[in-house]
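What follows is the residue order along each chain.
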Amino acid sequence: MSTERSISAFARARNVIAGGVNSPVRAFRAVGGSPVFMKSGAGARMRSLDDREYLDYVLSWGPLILGHAHPDVVKAITAAAARGSSFGTPTEAESELAELIVAMVPSIERVRFTSSGTEATMSAVRLARGFTGRDAIVKFAGCYHGHGDAFLIAAGSGALTNGVPNSPGVPEGVARDTIVLPYNDAAAVRGAFEANPDRIAAVIVEPYAGNMGLVLPEAGYLQALRELCTQYGALLIFDEVMTGFRVGRGGAQERENVLPDLTTLGKVIGGGLPVGAFGGRADVMDLLSPAGPVYQAGTLSGNPLAMAAGIATLKAIRDDATLFERLEVLTKLLTEGLTAVFDKHGVAQTTAYAGSMFGLFFTAGPVRDLTGAMTSDTERYKKYFHGMLDRGIYLAPAQFEAGFVSTAHTVKDVEQTIEAADEVLATL
Ligand code: KE4
């Protein structure tokens, strides 16, 4: 199967773009080989420069819950573009998308849009520090909250994949204010608060951790975080950049019935265009400039084209009563089918799914935190990834990522995937 055009495209890119990519995980460093360059997408599939079609379970790392080039999204972006791409003034589209988010996400009363998830998490932490007057934050090993300095300590996703979970360039002064704890360990959080009773501004957590592979919270864990933050006067921040509108209409907070003080969003709310957001309690959000003193800004925040794509996507989610039920059924079918073929071939695996996201570790597990995730056989994952890629199935080019299903995926697609896995596992 030819990838010549992608290989020469990567050589061209490396001459002018750092590492040849604009986000590290795309470079295939974790799985080896040369990244496949895509030129188009439609529904559940992408087409490469070499005109090879791939069934896509990355979906731009989560945003494309309706699949590639959904007609409603394309129409909305096209119409918005014809009216002008940006005004630098308020527009009603921003209020319309904000109203959709406020209506569906239980804890959000006010929203501020950004152009990426990283901006959203950076801003949410600054707001929490401004609101509490405290400096420290708690994050969890293996969780990824974007590339802000405060988060690149024991970070997941590409930082973990590329073996640099503690990035150079993060000053000691910043790292000192980030307390890193194991995920799924409420006692460790209690201990951190007892040792720092008035120092912790916020606990930021991926309620379903999707950046070390998929690790779900154990019963009572998120509620324990909620109670400890309330008890010690810290804010609880749910980073739902990945889980928002992906695991359910109201995100993980609705599924788990745990209300954070602030929530960060991204990915799905932009429908494939650059949008991040943070929101939550009105009394906290109203501390943001210009209403309050905590500064935060962005030239293209609330961009009309991005808002149009987000509105079209969230309206489709809002108006389709069975959308998440159908997505979860399909994701369950995929996950259980993969488990069955792994067991058939005697290959150790630990799978998890929630809504339309799923994870698969090459380890017998259990996987409840980063330590468990790191027992995964990444060499085997490499071979599995390329075996599936050769059969036209595009999975995350890194073990420490989650997979995603869209409304464009079908039962037939899932059956094709399981058959491909059956063939590949026979070769491992
Ligand atoms: P962005 O700045 O990449 O839009 O969002 C950062 C972010 C924040 N919080 C969570 C929970 C996230 O998953 C992310 C970004 N996710 C990765 C995928 N694991 C983005 C992919 C990439 O870095 O290219």
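What counts and how
Residues numbered from 1 in each chain as written. Predicted model: local features only at pLDDT ≥ 70, side-chain atom pairs only at ≥ 80, totals over all residues. Heavy atoms only, no water. Helix = DSSP H or I, 4+ residues; strand = E, 2+ residues; numbered from the N terminus. Rg over C-alpha atoms; globule rule 2.2 N^0.38 Å. Contact = heavy atoms within 4.5 Å. Areas by Shrake-Rupley, 256 points an atom, 1.4 Å probe, with all protein chains shown as cover. Lys, Arg positive; Asp, Glu negative; His and termini not counted. Charge placed at Lys NZ, Arg CZ, Asp CG, Glu CD. Buried < 20%, exposed > 50% of the residue type's maximum accessible area, 1.4 Å probe, protein only. Pairing = 2+ DSSP bridges. Near = heavy atom within 4 Å. Polar contact = N/O pair within 3.5 Å; in protein donor to acceptor, adjacent residues only side chain to side chain. Nonpolar A, V, L, I, M, F, W, Y, C, P; charged D, E, K, R; others polar. Domains from an automatic or database assignment. Phe/Tyr/Trp six-rings, centres within 6.5 Å; stacked < 30°, edge-to-face > 60°. Lys NZ or Arg CZ within 6 Å of the ring centre and 35° of its normal. Salt bridge = Lys/Arg side-chain N within 4 Å of Asp/Glu carboxyl O. Buried area = accessible area lost by both parts, 1.4 Å probe.

Chemist: Would you mind going over the overall build of the protein chain in detail, with residue names and values included?
Modeler: A count of helical and extended segments in the protein chain gives 15 helices and 14 strands. Taking 428 residues into account, the globule formula puts the C-alpha radius of gyration at 22 Å, and the protein chain, at 21 Å, falls close to it. Projecting the C-alpha coordinates of the protein chain onto the three principal axes gives extents of approximately 55 × 55 × 45 Å. Of all intrachain contacts in the protein chain linking residues separated by at least 6 positions in sequence, the fraction that spans at least 24 positions is 72%. Approximately 17200 Å² of the protein chain is accessible, and the part contributed by carbon and sulfur atoms is 53%. Positive and negative side-chain charges of the protein chain, numbering 37 and 45 respectively, have mean locations separated by a distance of 5 Å.

Chemist: An account of the pairing of strand β10 (residues 276–280) is requested, with residue identities and associated values reported.
Modeler: Among the five residues that make up β10, five are buried, leaving the element largely enclosed by the rest of the structure. Because side chains alternate across β10, one face comprises the buried residues G276, F278 and G280, and the other comprises A277 and G279, equally buried. Pairing of strand β4 (residues 110–114) with β10 involves five bridges; the strand directions are antiparallel. Within the sheet, the bridge partner assigned to R112 lies in β10 and is F278.

Chemist: Describe in detail the site of the ligand, supporting the description with residues and values.
Modeler: The immediate surroundings of the ligand are formed by 17 residues, with S23, T118, N211, D239 and E401 found nearest. For the ligand, an oxygen atom lies 2.6 Å from a polar atom in the side chain of S23. Compared with its free state, where it exposes 540 Å², the ligand has 88% of that area covered by protein. Residue composition of the shell around the ligand, by class: five nonpolar, eight polar and four charged. The residues that make up the shell around the ligand include at least three from each of domain 1 (4–69 + 322–425) and domain 2 (71–319).

Chemist: Can you tell me about the packing of aromatic side chains, naming the residues and giving the values?
Modeler: Applying the stated criterion across every chain, the model contains 14 aromatic pairs. A ring pair is formed by F342 and Y384, whose centres lie 5.5 Å apart and whose planes are at 70°; its orientation type is edge-to-face. Remark: Y384 occurs in helix α14 (residues 378–390) and F342 occurs in helix α12 (residues 323–344); sequence separation between them is 42 residues. Each member of the pair, F342 as well as Y384, is classed as buried. Among the aromatic residues, those joined into a cluster by ring pairs are F28, Y54, F385 and Y394. Sitting above the plane of the F10 ring, R14 keeps its charged end 4.5 Å from the centroid. For R52, the ring lying beneath its charged end belongs to Y54, and the centroid distance is 5.5 Å.

Chemist: Describe the pattern of salt bridges, and please don't skip the residues or the numbers.
Modeler: Tallied over the entire structure, the rule returns 19 salt bridges. Measuring nitrogen to oxygen at the nearest pair gives 2.8 Å for the salt bridge that ties D51 to K39. Of the two residues, D51 is situated in the loop between β2 (45–48) and β3 (53–56) and K39 in strand β1 (residues 38–42); the sequence distance between them amounts to 12 residues. Judged by its relative accessible area of 45%, D51 falls in the partly exposed class.

Chemist: Which residues make up the sheet that holds β3, and what values do they have?
Modeler: Taken in spatial order, the four strands of this open sheet run β1-β2-β3-β13, and their pairing is mixed. The open sheet has two edge strands, β1 and β13 (393–394), and neither has a second partner.

Chemist: Residue-level account of the domain arrangement of the protein chain, with values.
Modeler: Here the domain parsing of the protein chain yields domain 1 (4–69 + 322–425) and domain 2 (71–319). Between domain 1 and domain 2, the residue contacts involve 36 residues of the former and 36 residues of the latter. When the two sides are added together, the surface that domain 1 and domain 2 hide from each other amounts to roughly 2900 Å², 65% of it contributed by carbon and sulfur. By the criterion of area lost to domain 2, the three top residues of domain 1 are F324, M357 and R368, representing 21% of everything that side buries. Taken together, domain 1 and domain 2 are joined by two salt bridges.

Chemist: Can you explain the environment of A202? Please cite residues and give values.
Modeler: Residue placement: A202 occurs in strand β7 (residues 200–205). A residue is classified by how much of its surface remains accessible, and A202, at 1% relative accessible area, is buried. Sequence-wise, A202 and M212 are 10 residues apart; in three dimensions their C-alpha atoms are separated by 22 Å. Leave out the neighbours within four places in its chain, and A202 touches A128, A136, I137, V138, A234, L235 and I237.

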